[in-house]
Protein chains: 2
Amino acid sequence: MSSLSVLPPECLLQPFPVPQRLMLGPGPSNVPARIAAAGAQPMLGHLHAETIEIMNQIKSGIQYAFQTRNRVTLAVSGPGHAAMECAIFNSLEPGESVLIAVNGIWGERAADIAERIGAKVNTVVTSPGGYFTNEEIEQALDKYRPVVFFLTHGESSTGVVHPIDGIGDLCHKYNCLFLVDSVAALGGTPICMDEQGIDIMYTGSQKVLNAPPGTAPISFSERACYHHTGPVSFFYGLRESLAILAETGLENSWKRHKEVAEYFHKGLEEMGLKLFVQDKKARLPTVTTIVAPSGYEWREITGYIMKTYNIEISGGLGPSAGMVLRVGLMGCNSTKANVDKVLEALADALKHCHKSRV
Amino acid sequence: MSSLSVLPPECLLQPFPVPQRLMLGPGPSNVPARIAAAGAQPMLGHLHAETIEIMNQIKSGIQYAFQTRNRVTLAVSGPGHAAMECAIFNSLEPGESVLIAVNGIWGERAADIAERIGAKVNTVVTSPGGYFTNEEIEQALDKYRPVVFFLTHGESSTGVVHPIDGIGDLCHKYNCLFLVDSVAALGGTPICMDEQGIDIMYTGSQKVLNAPPGTAPISFSERACYHHTGPVSFFYGLRESLAILAETGLENSWKRHKEVAEYFHKGLEEMGLKLFVQDKKARLPTVTTIVAPSGYEWREITGYIMKTYNIEISGGLGPSAGMVLRVGLMGCNSTKANVDKVLEALADALKHCHKSRV
């Protein structure tokens, strides 16, 4: 009886097998079988007692991962970007002054969002690969007297981990909320929300936590609200990823990411490659930026590695576009075995790719 | 070396097994093993070629399910509520006039959202369980001259399926976009976007489509834009649910939902229960509303059925709160075997629950 004008699409009438790939870009990272299996458990109602219990456990897990006792600690249903919007929308009103530290693409994005809601946006900007001293931040706070100060902890576009110590105190001295984006860093490098005086912080599920993209942990020191049909089976996965972090221990996770990143950096330098972030202590252990090797077209290198090794690494983004290669080593992907694989793939790519530029 | 002040939470250091439950509320519905397994496939990058291909296949699947050839057809990353926001935000500017047909909670919600973005909100309101004639709609279009007319196709709070024929033509006669919420109905009862002159339509993944909540199909006749880290593994599940629909055939799906709902309605009437929606042709086949049996506390009935049978059914919502029981039979849950189970559970509940009110 097909009176329908649009017929069933052929492409859906055959299976679509997803390839296995080593995901060493700046995220999403690989999802361990245990987390994938958790996500495939039976559906529950978003208001059932068990779902509420899972959400409470997720809250505890985020409190642990963030090192906070904030009551308003939850998973936003959406990508990390939704958490950024949630953080900015809930802390700024139109006409209010905000100060945004721009040391890469995420600060730029935050400035865009704040502008769209009608805030008075002030920025301090550093060159790609750089970061701000506390003195620079205090000068800007004093000059702009913002209601909120936004800082990216792990800037995935440049590979910088920004120092956090002392900034919370400065913000509070100037009566300002301290808002931190730790999407690309949390769990992989130390940050302690309460101790470091951070008022609002968020991360993504698909980076160090190794859960599928689709939920974003966030915590507020004192405000906020939310309600809708939560992505129940995503919560299963997020709970499992937080359980792995709780079992591993946050400090062990930080330590492993640091050791593996240093092992990687040493290997890169031995190959004659240069790291984009000069200052060793400012190198983000979760995302390494490598100066794009001169004489090569970077796309050929990433393409060759994807095609030959089924490994994803990526080029630059925003201010680092065209300047770097980026390699993510996050959560379960942060192992020396993966470093060896990607070093081998890089060496091979440098041999086989054209030296198309000088 | 635990200098951390927040310790790993005990609740995460033990497994959390999710119970198997028959989900016959107004959604989410059960997720078939095939869709759950698709969602547990290996992670891919959100911009990898295969992910783009999956998104293209999803687009084709939504075009089939919606019966549309619209180019701008996609899955929003978020719950059905995000699609509602996306639809309203992309079709209305502050100060513009919108007409919202309120025949239940979803119209009320749309009015709230439109108000918050500063639109001039006009409503036509019908009593719970009722719907609008085309004459009433034309009068309101003529009076308010809106830019957008919002209508809920399957109003899950009252169990009404709203007639659609002719309304698109009326909207276009008054130079107005026709925006339809089919979250609770799509795939379970006929609607053909292009043929019926609908300009914007959306649904949820967790109703008839039986995919996990977290993505929402939407289609626009001519505008919109979007970009962020898509929930890749949710796309796998959504693709699979659209594949099942393509294999089943939309008309077979409509037919099965109708037959199963009528079988259910007959069984309810034989038990002496009353249907909330008087007009047979206005009964939503995906969500049945039953007049709350007099003399009973409805919460006792739903609680007893959950506890004794592990079956979820629910009470009313918004305008139908306290007045009805709601039973969802959506997608894979729309079977006569499930009807028999829920009829048995209802009969048993009426025997065992207190007649606490007269």
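Just so it is clear, the structure is predicted and the values come from calculations on it, not from any experiment.

Let us now look at the relation of the copies chain A and chain B. Take chain A, turn it by 180°, move it 0.0 Å along the axis, and it overlays chain B with an RMSD of 0.0 Å. When the rotation and shift are considered jointly, the pair of chain copies conforms to a two-fold rotation axis. Take the interface residues of chain A: 100% of them recur as interface residues in chain B, which is what a same-surface contact looks like.

All right, on to the UniProt feature "binding site: substrate" (unreviewed entry) in chain A then. Residues and elements named next belong to chain A. Here, UniProt's "binding site: substrate" (unreviewed entry) annotation points to R326. On the secondary structure map, R326 appears in strand β14 (residues 324-328). When its relative accessible area of 5% is taken as the criterion, R326 is described as buried. Other than its neighbours up to four places away in sequence, R326 contacts L24, P26, S156, S157, V287, T288, T289, I313, S314, G315, G316 and L317. A distance of 2.7 Å separates a polar side-chain atom of R326 from the backbone oxygen of S156.

Here we come to the confidence of the model for chain A. Residues and elements named next belong to chain A. For chain A, the mean per-residue pLDDT works out to 90, and 95% of the residues sit at or above 70. The element-level mean pLDDT for chain A is lowest in helix α7 (residues 232-248), coming to 82, with helix α5 (residues 134-144) highest at 98. Both confidence scores are given for the complex: pTM 0.83, ipTM 0.82.

Moving on, we come to helix α3 (residues 80-89) of chain A. Because the α-helix completes a turn every 3.6 residues, residues three or four places apart line up on one side. Of all 10 residues making up α3 of chain A, seven are buried, and the element is well covered by its neighbours. Looking at the buried side of α3 of chain A, the elements it contacts are β2 (72-77), α4 (105-116), β5 (148-152), β8 (177-181), β9 (200-202) and β10 (215-220) of chain A.

Let's shift gears to the UniProt feature "modified residue: N6-(pyridoxal phosphate)lysine" (unreviewed entry) in chain A. Residues and elements named next belong to chain A. Annotation from UniProt places "modified residue: N6-(pyridoxal phosphate)lysine" (unreviewed entry) at K207. Mapped onto the fold, K207 is located in the loop between β9 and β10. Residues within four places of K207 in sequence aside, it is in contact with P26, G27, S29, V183, A184 and M330.

Right, let's get into the interface of chain A and chain B. Contacts between chain A and chain B engage 71 residues on the former and 71 residues on the latter. For the pair chain A and chain B, the summed buried surface comes to about 5900 Å²; carbon and sulfur atoms form 67% of the total. When the area that chain A buries against chain B is broken down by residue, the three leading residues are L12, F16 and M43 of chain A, summing to 13%. Our enumeration of links across chain A and chain B arrives at two salt bridges. Between E50 of chain A and R21 of chain B there is a salt bridge; the shortest N-O distance is 2.8 Å. Counting every contact that joins chain A to chain B gives 18 residue pairs in polar contact (both at pLDDT 80 or more). Of all the secondary structure elements, the ones that give two or more residues to the side of chain A that touches chain B are α2 (49-66), α7 and α8 (250-270) of chain A. With nine residues, the single largest contributor to the side of chain A that touches chain B is α7 of chain A. The residue inventory of the side of chain A that touches chain B, partitioned by class, reads 38 nonpolar, 25 polar and eight charged.

Conventions adopted
- Residues numbered from 1 in each chain as written.
- Chains lettered and ligands numbered in written order.
- Predicted model: local features only at pLDDT ≥ 70, side-chain atom pairs only at ≥ 80, totals over all residues.
- Heavy atoms only, no water.
- Least-squares fit on C-alpha atoms with pLDDT ≥ 70 in both.
- Contact = heavy atoms within 4.5 Å.
- UniProt positions renumbered as here; feature names shortened; annotations may be inferred.
- Helix = DSSP H or I, 4+ residues; strand = E, 2+ residues; numbered from the N terminus.
- Buried < 20%, exposed > 50% of the residue type's maximum accessible area, 1.4 Å probe, protein only.
- Polar contact = N/O pair within 3.5 Å; in protein donor to acceptor, adjacent residues only side chain to side chain.
- pLDDT = per-residue confidence, 0-100.
- Buried area = accessible area lost by both parts, 1.4 Å probe.
- Salt bridge = Lys/Arg side-chain N within 4 Å of Asp/Glu carboxyl O.
- Nonpolar A, V, L, I, M, F, W, Y, C, P; charged D, E, K, R; others polar.

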